[in-house]
Each structure stands twice: as C-alpha cells, then as structure tokens.
Amino acid sequence: MKRLSGVAASPGTGVALAYVYTPDLFEIRSEGVADPDKAVAELADALAALAADLDEAAASTSGAAAEILRAQAAIARDPALRAAAAPAVRSGEQPARAVLAAGERFATELERTGNDYLTARAPDVRHICDLAARGLAGAPPRLPPRPIEPCVLVAEDLMPADTAGLDASLVLGIATESGSRTSHTSVVARGLGIPAVVGIRGLLDVVRNGGAIGIDGGAGFIVIDPDAATQRQLSSAGTELRARRERMRTAAGTGPAATADGQRIEVAANVRSVKELRSALAEGAEAVGLLRTELFYIDRDRPPSLDEQIALLREMHGMLGGRRLIVRTFDIGADKQVPFLPARPERNPELGVRGIRLAELHPELLDTQLRAVAATAALGPTAVMAPMVTTADEARWFRSRVVASGMPDVVEVGVMVEVPALALTAEELAGCVDFVSIGTNDLTQYLMAADRREADLGGFQDPFVPALLRAVAMVCRAGARRFWIGVCGEAAADPAWALLAVGLGVTELSMQADTIPAVRAALRGVTLDACRDAAMLALKATDPDQARGIARALLKESP
Ligand code: PEP
Ligand code: MG
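What counts, and at which threshold
Residues numbered from 1 in each chain as written. Chains lettered and ligands numbered in written order. Predicted model: local features only at pLDDT ≥ 70, side-chain atom pairs only at ≥ 80, totals over all residues. Heavy atoms only, no water. Near = heavy atom within 4 Å. Polar contact = N/O pair within 3.5 Å; in protein donor to acceptor, adjacent residues only side chain to side chain. Areas by Shrake-Rupley, 256 points an atom, 1.4 Å probe, with all protein chains shown as cover. Helix = DSSP H or I, 4+ residues; strand = E, 2+ residues; numbered from the N terminus. Nonpolar A, V, L, I, M, F, W, Y, C, P; charged D, E, K, R; others polar. Donors = N, O, S within 2.8 Å, 3.2 Å for Na, K, Ca; no water. Disulfide = S-S within 2.5 Å. Buried < 20%, exposed > 50% of the residue type's maximum accessible area, 1.4 Å probe, protein only. 1 Å grid on protein atoms, 1.4 Å probe; cavity = no way out; pocket = protein on both sides within 12 Å on 5 of 7 lines; lining within 4 Å. Points joined across faces, edges and corners; volume = space filled by probe spheres on them.

*Asks:* Residue-level account of the site of ligand 1, with values.
*Replies:* Around ligand 1 sit 15 residues, and of these Arg292, Glu418, Gly439, Asn441 and Arg452 come closest. Contacts to ligand 1 include Glu418, whose side-chain N or O atom sits 2.9 Å from an oxygen atom. Out of a free accessible area of 280 Å², ligand 1 has 98% covered by protein chains. For the shell around ligand 1, the secondary-structure elements that each account for two or more residues are strand 10 (288-292) and helix 16 (440-448). Counting residues per element, the shell around ligand 1 draws most heavily on helix 16, at three residues. Split by residue class, the shell around ligand 1 holds three nonpolar, four polar and eight charged.

Here's what the structure looks like:
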C-alpha cells in the first residue's frame, strides 16, 4: 500500500482498478525537407486545419469542454506559433519537429511567468503542437481513453479531446501527474462530478495498469494497492457522500427557500457557463447570484463581441425562465489574464489592476459588456454588479457607465464587497447601489493578508474567522433599509455559516450547485430569531472554532 498526495481537484472518493492512459508515440522522419517553402505552407495548412477541427468539435459540445476546445483552436491559429516554427523549417527541419520545438519554447515561457493561469495553459500549447506534429508526420490521431469497465483513470495529464466523451459511470476517479486546481482536468472533473487528484509527482513511475487504486479527491490523495480497511473506508465515504446528497435533496423541499418561520432567503447559484447553469437548476437554484463572466474573455485572441455576449445571456435567460440573473462584469487581472490585453508586469497582481480597476483602464470592454446586459434585460429579471470595488466613488463611476449603456431602469445595480476598505465604508454606498454581494473569498484573503491559493495559509481562509463575521455584520448594518445584501463567496455554501449570515441580515446566498440542497435544508430547519441569536453570540467569538460551534448547533444534520 502506498499513499501519494497531490492537489485536491474534485471532491468524492472511490476505489477501482487503474486505467493508465498513455497516448501512443509517433516517429518523425530524420532527413531534412527538400522544398522548404512547400514545407512552410504545409505547416501553416496543418495548423489551420487543426484549428478548424477544434472549432467544429467545440460546436458539437457545450459548457467547459466547448470553451476549452475554442481556446485551443485560438492557440492553433496564433500567427506567433506559426512564425516561431517557420525559420527552422526554412533551414530544412521537418515541420513536425519544428512545431514541437516551437511549442516547447512557448510552453516554457508561459511556465516561467510564475502566473498560475498562464502556467496552466502550457499543457494546451504542448498538446496542440503534438496534434499538429502528428498530422504533419502522417501519424494516426491521438486516441482518447475509452475504459470499458469501472476504473480510476491515470495519466500524465488529460486534454479536452481526451475528456470530451468520458463516461462518468465508468470513470470513478481521475489521477494525473501534472495539473493544478485550475487546469482543464480539474475543471472538467468537477463539472462531471468525478473525484480527482492532480499534480501527483512520480505517479506514473509507481502506478500499474490494472492494479487497485483508491482516491480521495476532497483530501487530495490516492492510495496504490489499498488494504481492505482503506478500501472499505474510501468506498463507504463515497457511498455516504452520495447518500447524504440524496438526503439533503429531500430535506431541501421545493418552492422558494425560506426559514421555518417563513423568512424568505433566495438561494442562488454561482455559474460560469451554460453547463454549470443546467446543473444548478437541477439542484434547485432559484436564480444566478453570480455569473462569473471571465471565462468568456480568457483563452481568446480578441474580446467577445457584443453579439456573442448577447447570445450567451439570451441562452441563460431562456434556461432561467423568469428567474433572476446577476451578471458580474469581468474580473480580469491577477490570476485571470487575457491574451488580448497587454501583459502588465505587476509586483503583486492580487493587489494590482484587476476587476473594476481594469475596467477603468479599458472602459470600452466594460461598455460592450453592459450593452449586452441591457440588450437582453427584457428577457428576465436582471442585475449587474462590479468586482473589486474599493470606494463609493468607484461604485458611482460604475453606475454612471451602467446608465450610459442604456440599461433599463428595472435592472438592479450592485457591487461586490471584497475589499476591506469598502466593507468599512459601506454606508457611503447608500443611494448609489441597489444591492451588494459579499465576495467572502477575496474579502477573507484581503482581511487576513493571506493569498487564497496558498495551501499553507489555509487556516487564514476559515470563513468563521472573527474578522470576516464582523466585516459581514458591518456591511449588513450599513445596508439596513438602504440596499439588500447577498453573499456569493464560498462561505455561503457552508450551511452553518449561511445561517449566521442570515442572522446578520443577508437575504440572498449564492453558491456552487452541489451545495444548494444542504443550504436550503438548513434554512428550513431554523427560525430567523434563532439565526439572529446565534449570530449575536458568534460575533463575540474570539476564534473560528467557537463561532463554528455556535453555528453548527443550529443544524439538524451536522455537515
Ligand atoms: C469572491 O471573491 O468571494 C468571489 C465570489 O469572487 P471570485 O471567487 O470570482 O474572486
Ligand atoms: Mg472575488
């Protein structure tokens, strides 16, 4: 039995036989090319054909997989990649070898930036160059993994083409040697609800095809050749997780979410794509409380057009059927860079130009986005909010752009409270916003001065830290009878924390789809007064465990 740790990429546990996926190797002729000009043209044609194939594949799928395929098509179409490979071909190199070398140079440069987002794109560049080289060398296409019995899929990394047709009833877990929480494998695994651990160093050296393997995607480890006790533990944890989800779905009830004494609390979903919206609606989401629009901007060589944005919003309104859609304007910057804006070397990007700060530098991008929201607002209740707002002046500037975009008056205008400065001065937002949504992920990061992606600083991210609870209370006091208050950070997904927030005055909770039933069920089990009493006690707590204990005492079933 051997235990290996990696990055916890998608929760859930399981035990099955390992299916080790290694794409077949191919050979490239060693002699030089006879006609370099013709070979350069072949290289350009191969990349263009690949881009067209990827676009076609994107058109026949949806959600995260489609977005990833479109992003890969953009890499294949990138003139810089062609230009980087061409000189070697002109000096007689086989185009397949030249494109692999150019891709490796590009990927290494991305990795050297030290930026999480750009580093996570390096495997895409390598994958695209591998596909192009296969075509140029006359090799058969890369065949995706197709297990025929239940397995844990093990690979160096998985590409969108590998995961597009994965059958979640056969793939009980995914373990990869490379990857991060934001890499494609992780995004796709979470989307499909498959437990996954990525970034496991030395994985392929120790795992055997067909050997038993256990996985815990929430804790971030795998066990090779697990003993009987570990197998039992991992299988029962998986069964218990599924059973608990089912119980919560039943306990969540139907109809509008409310406390036992009828205080209405909207339970909404955080989504990034049509696919995520579909899952959220299936889990009982009453609205979209946070549409993260960044996915629409990253991985593209130019910003999305007005028409493209209108098409996406129209589709979402259609699915929502009269439920509210809160569009967060793009939160680009920090770890979410876009290729079409000049790179901004910043010493500390988290404290740099991101969110509304970037919108102030590129108002044309914001205006197009707001015009798309305005153009679709008649299709359903709509709200728009800006990320990373620091001062009431910025909120006023945002509102002025919203008005200038021709936004109908019925569209509510809000801002996210993610910066401590805004939490401290929130009463100044009166008269300028209809609502605020507290982004507890960033608010905690900035309150505690602890990078939210840094696993070693995880203790600072605890949503029950006194500083966060008191900041939420402060915003609620500032908003009383002036604007309504929602929470869209991860904290809202913790049923016990959500009840404290309700006690403090929050009336909307927005979260990832799979946690909706548990929060709805928790609300049904308490009265508003009980939430208020617990919140008052929790505000006096001097450490997170004390506050958590007070909140958990409100729950019928412990989390
Ligand atoms: C937050 O910061 O809490 C939030 C919801 O925004 P994001 O996680 O997209 O930064
Ligand atoms: Mg945020």
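*Asks:* Please set out the coordination of the magnesium ion (ligand 2) residue by residue, giving values where relevant.
*Replies:* Listed as protein donors to the magnesium ion (ligand 2) are Glu418 (OE) and Asp442 (OD); their distances from the metal cover 2.0 to 2.1 Å. One end of the pair, Glu418, is in the loop between strand 13 (412-417) and helix 15 (420-424); the other, Asp442, is in helix 16, with 24 residues separating them in the sequence.

*Asks:* Can you explain the state of the cysteines? Please cite residues and give values.
*Replies:* Enumeration according to the criterion identifies zero disulfides in this entry. You can see Cys476 has no disulfide; the closest cysteine sulfur is in Cys531, sitting 12 Å from it. Looking at Cys476, the relative accessible area reads 6%, which means it is buried.

*Asks:* Tell me about empty space enclosed by the protein, residues and numbers included.
*Replies:* Summed over all chains, the structure comprises four cavities of 30 Å³ or more. Taken as a whole, the largest cavity encloses approximately 80 Å³ of empty space. Lining the largest cavity are 15 residues, and of these Arg292, Arg328, Glu418, Asn441 and Arg452 lie nearest its centre. Elements with a contribution of two residues or more to the lining of the largest cavity: strand 10 and helix 16.

Coordinates in, geometry out; function isn't part of it.
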